[in-house]
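Structural features, examined
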Amino acid sequence: MEEKAKGEEKKVGVIETWLRKHRLLFNGATRHPLILSIRDGSINIASFKSWLAQDYLFVRAFVPFVASVLIKAWKESDESGDMEVILGGVASLEDEISWFKREASKWGISLSEVVPQQANKKYCGLLESLMSPDVEYSVAITAFWAIEAVYQESFAHCIGEGSKTPEELKGTCERWGNEAFAKYCLSLQNIAERRLQKASDEELKKAEAMFLNVLEYEVDFWNMSRGNV
Ligand SMILES: Cc1ncc(CNC=O)c(N)n1
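Residues numbered from 1 in each chain as written. Predicted model: local features only at pLDDT ≥ 70, side-chain atom pairs only at ≥ 80, totals over all residues. Heavy atoms only, no water.

Before going further, it helps to examine the site of the ligand. Every residue lining the ligand is accounted for by D55, F58, V59, F62, E96, Y123, I147, E148, Y151, W176, E218 and F221. W176 is positioned with one of its side-chain polar atoms (N or O) 3.2 Å from an oxygen atom of the ligand. A distance of 2.7 Å is found between a nitrogen atom of the ligand and a side-chain nitrogen or oxygen belonging to E218. Looking at the shell around the ligand, the elements that each hand over two or more residues are α4 (45-76), α7 (137-159) and α10 (201-224). Here the shell around the ligand is built from residues that sort into eight nonpolar, no polar and four charged. (Near = heavy atom within 4 Å. Polar contact = N/O pair within 3.5 Å; in protein donor to acceptor, adjacent residues only side chain to side chain. Helix = DSSP H or I, 4+ residues; strand = E, 2+ residues; numbered from the N terminus. Nonpolar A, V, L, I, M, F, W, Y, C, P; charged D, E, K, R; others polar.)

Moving on, we get to the packing of α7 against helix α9 (residues 179-197). Where α7 contacts α9, the two axes come as close as 9 Å, and the packing angle between them is 155°. Overall, the two elements α7 and α9 adopt an arrangement that is roughly antiparallel. Along this stretch, α7 crosses α9, giving a crossing that reads as left-handed. Between α7 and α9, the residues in contact are Y137, S138, I141, T142, F144, W145, E148, A149 and Q152 and F181, A182, Y184, C185, L188, Q189, I191, A192, R195 and L196, respectively. Residue composition of the contact of α7 with α9, grouped by class: 13 nonpolar, four polar and two charged. (Axes fitted to C-alpha atoms, helices over the stretch in contact; angles between N-to-C directions. Parallel < 35°, antiparallel > 145°, perpendicular 65-115°, else oblique. Left-handed = near helix turned anticlockwise from the far one by under 90°. Contact = heavy atoms within 4.5 Å.)

Below, the discussion takes up the pattern of salt bridges. Taken as a whole, this structure holds 12 salt bridges when the rule is applied. The partner of R194 in a salt bridge is D78, and the shortest N-O contact between them spans 2.9 Å. With R194 in helix α9 and D78 in the loop between α4 and α5 (81-106), this pair connects stretches of sequence that are 116 residues apart. For D78, a relative accessible area of 38% gives the class partly exposed. Here K106 and E103 are joined by a salt bridge, their closest N and O atoms 3.4 Å apart. Separated by three residues within a single helix, K106 and E103 lie in helix α5, roughly one turn from each other. A residue is classified by how much of its surface remains accessible, and E103, at 6% relative accessible area, is buried. Connected through salt bridges with shared partners, the residues D78, D82, R194, R195 and K198 form a single ionic network. (Salt bridge = Lys/Arg side-chain N within 4 Å of Asp/Glu carboxyl O. Buried < 20%, exposed > 50% of the residue type's maximum accessible area, 1.4 Å probe, protein only.)

This is how it looks when you write it as structure tokens:
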């Protein structure tokens, strides 16, 4: 164990370095026009409904992905605490799926009739490729953290100081923008960071590329709903 003397500067982490280096791309994913339109109240409800319907399908595909990360943690992790964090993530997705169903019925969306759009299919395909046992835990947990962090940062922005988010959308923003979800994202970041500290250069390169991949796919995902703006 490395013990740091009191007052000693903490080394800048891998993820912190990426966030600095790729700030513009990260902001592109977390300050997308759709999110900005929720925050300033100008959102077209058709866009919101389209996002909701597509995201329900995404979350269904996200469950087996998270389960696959759980398997990797069980096999590869050096810390038993990882499993509890990821298992908590799996468990909360059950509640999330129920929430999507309630929310859809509130908005008059029939979820059984939703057809996945291209960007959604592509993103679900990425999740599926990450489920392969050949993908390292470090790469998969990085993707997992990034996917959650984008939603956390995006929706927290919609309930932050000075937001004019319409009342009927506040529940959605709270779902990913709340403090507990922020803490959960930080737990994931800490796990990812710990693994990245121990990763080979090749693995680090793969994980960074995956982080950028996620940002790009998140932007494409938001863009799907912009046809209705
Ligand atoms: C496209 C996308 N990215 C991230 C999330 C957040 N994770 C689980 O809910 C989500 N729902 N959808």
